[in-house]
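So the chains spell out like this:
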Amino acid sequence: MTSSAFMYLFLAAAVAGGVGMLALRHPIHAAVSLLGTMLCLAAAYAMLGAHLMAVFQVIIYAGAIMVLVVYIIMLLDLGSDDARAFRSVKVFVGIPAATVLVSVLARLAWHRAAGTEPRPGLLSSIGDPAAAALPEGFGTVASIGRDLLGRYVVPFEVTSVLLLAGIVGAVYLTGRDSAGLKAQGNAVGEGKGTGDGGQAEGAPAGGEEFAA
Amino acid sequence: MVEQHNHYLPVLALVVAAFGVAAAMLGINALLGPKRRAADGPAVKLEPFECGSVPIQLDNRRRVSVKFYLVAILFVMFDLEVVLLYPWAVVYRDLGWFGFAELLAFMLSVVVGLAYAWRKGGLEWR
């Protein structure tokens, strides 16, 4: 099972990238680790037959989202020690999330050891790619393209409105619109007097808004 | 299973070539370049040269201008748009004019977004 070996290799590298992202002190090093994780996940998607997802993972996550992440790091010029400010976030978000993930994996491992089948769902076909019985061409770019512009054409068109809202929101929130500038100036308090400082505070808020 | 992934061989070749070029640039430089380092002379040789005076600022990282922020956000938005063209481009011969009309409708609102950003000076450097 060469492909299983490659699958485990990519997934192990993805986990290693995640560990590196948490363990490395320098923000840029952590960002490069995250990039490695994203690329390894893209390889895993491709091996699972989700070829378009692999392409999206590379172009959107490893390309576009990483641009934002690295840009915010360089904008704020976070030093290695500034990461300590987020310790409470690590505890209150990280521990519950890790508990959920470990319990899901433990349940799968339990079922596999006992020989019973867990309810099909997340991760159930990992390690045995042949077990997933998919129709011919499933997950290829062509099949998704036909579905996207055929059965799911309305969500596809609505996506463009979502993109339009994102563009308009970005232009408005960065103060290119004079009304937006006024609103932002009131929110910051001092307006243009602080220059870069005031706008830099607005920048991460905009990033969160996009991520949500 | 492995045979199905043969169309990823060009990707593998690209990865190997990219790492190969980077490794060659660093490796050949390390092999052939002159090695006169601190061991051969005073450690001051490793310091940045600043017209003979003591360097003012050794940490050369600077905050990137916030002006890039809108550029970055707009890049992400239009990147998301372009990536949705990819599945269309693969099947547009099968879809014919109907698929073309669907894509025009999709592009229309994105182009409206581009026009808005342009009109509001979002593409200006300020």
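Residues numbered from 1 in each chain as written. Chains lettered and ligands numbered in written order. Predicted model: local features only at pLDDT ≥ 70, side-chain atom pairs only at ≥ 80, totals over all residues. Heavy atoms only, no water.

**As for the environment of Val110(B)**
Reasoning step 1: Relative to the helices and strands, Val110(B) resides in helix H2 (residues 68-119).
Reasoning step 2: It is 9.2 Å that separates the C-alpha atoms of Val110(B) and Met77(B), two residues lying 33 residues apart in sequence.
Reasoning step 3: When near neighbours in sequence (up to four residues on either side) are disregarded, Val110(B) contacts Ser160(A), Leu163(A), Ile167(A), Phe78(B) and Glu81(B). (Helix = DSSP H or I, 4+ residues; strand = E, 2+ residues; numbered from the N terminus. Contact = heavy atoms within 4.5 Å.)

**Focus on helix H6 (residues 153-173) of chain A**
Reasoning step 1: Helix length check: H6(A) (21 residues) gives 30 Å between terminal C-alpha atoms against 30 Å at 1.5 Å per residue, within 8%.
Reasoning step 2: Those residues of H6(A) not exposed but buried are Val153(A), Phe156(A), Glu157(A), Ser160(A), Leu163(A), Leu164(A), Ile167(A), Gly169(A), Ala170(A) and Val171(A).
Reasoning step 3: Residues of H6(A) that are buried make contact with helix H5 (141-149) of chain A together with H2 of chain B.
Reasoning step 4: Where H6(A) ends, the next residue or the one after it, Gly175(A), has phi of about 80°, a positive value. (Expected span 1.5 Å × (residues − 1). Buried < 20%, exposed > 50% of the residue type's maximum accessible area, 1.4 Å probe, protein only.)

**Brief notes about the confidence of the model for chain A**
All names here are of chain A.
Reasoning step 1: Model confidence for chain A is summarised by a mean pLDDT of 74, while 66% of its residues fall at 70 or above.
Reasoning step 2: For chain A, helix H8 (residues 196-211) is the element with the lowest average pLDDT, namely 41, and helix H2 (residues 27-47) is the one with the highest, namely 90.
Reasoning step 3: Segment residues 187-212 is flagged for pLDDT under 50; beyond a separation of four residues in sequence, or across chains, it makes 23 contacts in the model. (pLDDT = per-residue confidence, 0-100.)

**Some remarks on the confidence of the model for chain B**
Reasoning step 1: Summarising the model, chain B shows a mean pLDDT of 80, and 75% of its residues fall at 70 or more.
Reasoning step 2: Predicted complex metrics record ipTM = 0.70 and pTM = 0.67.

**Observations regarding the side chain of Glu81(B)**
Reasoning step 1: With respect to the element layout, Glu81(B) can be found in helix H2.
Reasoning step 2: For Glu81(B), a relative accessible area of 7% translates into the label buried.
Reasoning step 3: Sequence-distant contacts of Glu81(B), that is, excluding residues within four places in its chain, are made with Leu163(A), Phe106(B), Met107(B) and Val110(B).

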